[in-house]
Amino acid sequence: DNNKNDILNGWDDDLCLNQNWINQAEKLRDELKSFDEKFDIVITTTLSRAQKTASIIKEAFDYEVETIIDKRFDEQAFWEYKWMKVCDLQEKYPDLKRNELIKIYRNNKVENLEQFENRVLEAYREISSKYEWKNVLLVSHGWTFRVINKYLNNLSFDDAYINVSAVWNSKMVKLPNYIKTNNL
C-alpha cells in the first residue's frame, strides 16, 4: 500500500506482501508456467516481500532450483525520509521538480544514490561473472532494477530514474545476455 500511497520505504522497512502484491506474484507464477527456459538459480533479497514473491514464483517450476539471498540487491534505505509521503516533500520543497525531489531522498545521510548503485552493481557484476552460463532469476525491487538498467544501457540519471517506466511489482524483464563494457 505504500507504493500506491507514494510513501517512501526501503530496506529498513521490511513490509509484508499485501493481497494485491500476492495476486501479482501469483499471476507472474502462472505466466512462467508456459516459459520455455528453465532457471538454474533464483536470487532474491533479505526483505521478506521479495522472498515471499520468489517463493510464489518458484511454485511454477516443476524442478528444484537453488535460492540465494543477497543483501546487496536490497532496496535503498531512506533513513531520515522513511515513511514520508512524496507530497510532504513537495510541500517542504515547493520549487523543486520531481527529479530533484528524488535526488534529495535518494541521497540520504546513510546511503546516497552512488553508494546504492555501487552496491547493486557489485552484486550484479559478480553474479554475471559467477553464473555466466546459467539462467538466473533475480527477484528484487524496482529501484534495484533501475540501477541495473542504467548500467546495461549506459543511461543518464534522468533516463534511468525519471523518464523510464518503473519495473512494477511482479513483472519479468529479461536482461540481455551480453557483457556491458562501460565503466560506471
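To start, this report covers the structure provided alongside it. (Residues numbered from 1 in each chain as written. Predicted model: local features only at pLDDT ≥ 70, side-chain atom pairs only at ≥ 80, totals over all residues. Heavy atoms only, no water.)

**Topic: the overall build of the chain**
Looking only at helices and strands, the chain has seven helices and three strands in total. Reading the helices (α) and strands (β) of the chain from amino to carboxyl end gives α-β-α-β-α-α-α-β-α-α. Across the 184 residues that make up the chain, the buried fraction comes to 43%. Taking the intrachain contacts of the chain between residues at least 6 apart in sequence as the baseline, contacts between residues at least 24 apart amount to 82%. (Helix = DSSP H or I, 4+ residues; strand = E, 2+ residues; numbered from the N terminus. Buried < 20%, exposed > 50% of the residue type's maximum accessible area, 1.4 Å probe, protein only. Contact = heavy atoms within 4.5 Å.)

**Observations regarding the nonpolar core**
Counting 27 residues, the largest nonpolar core has Ile 43, Phe 73, Ile 148 and Tyr 161 as its most contacted members. Mapped onto this core, the elements with two or more residues apiece are strand E1 (41-44), helix H4 (98-106), helix H5 (113-130), helix H6 (142-153) and helix H7 (157-161). Among the elements that make up this core, the one with the highest residue count is H5 (seven residues). In contact with Phe 73, other than residues within four places in its own chain, are Ile 43, Thr 45, Arg 119, Val 120, Ala 123, Tyr 124, Ile 127, Leu 138, Ser 140, His 141, Thr 144 and Ile 148. Leu 32, Val 42, Ala 54 and Leu 137 belong to the second largest nonpolar core, which has eleven residues in total. (Core = buried A, V, L, I, M, F, W, Y, C linked by side-chain atoms within 4.5 Å.)

**With respect to the packing of H5 against H6**
The geometry of H5 relative to H6 is characterised by a closest axis approach of 9 Å and an angle of 75 degrees between their N-to-C directions. The angle between H5 and H6 places the two elements in the roughly perpendicular class. Along the contact surface, H5 presents Leu 113, Phe 116, Glu 117, Val 120, Leu 121, Tyr 124 and Arg 125, while H6 presents Trp 143, Thr 144, Val 147, Ile 148, Lys 150, Tyr 151 and Leu 152. (Axes fitted to C-alpha atoms, helices over the stretch in contact; angles between N-to-C directions. Parallel < 35°, antiparallel > 145°, perpendicular 65-115°, else oblique.)

**Overview of the sheet that holds E1**
Ordered by their spatial adjacency, three strands build an open sheet running E2-E1-E3, and the pairing between neighbours is parallel. Each edge of the open sheet carries a strand with a single partner, namely strand E2 (66-69) and strand E3 (136-139). Ignoring which end each strand starts from, the neighbouring axes of this sheet average 20 degrees apart. Relative to E3, E1 runs parallel, the two sharing four bridges. From the neighbouring strand, Val 42 faces E3, where its bridge partner is Leu 137. (Pairing = 2+ DSSP bridges.)

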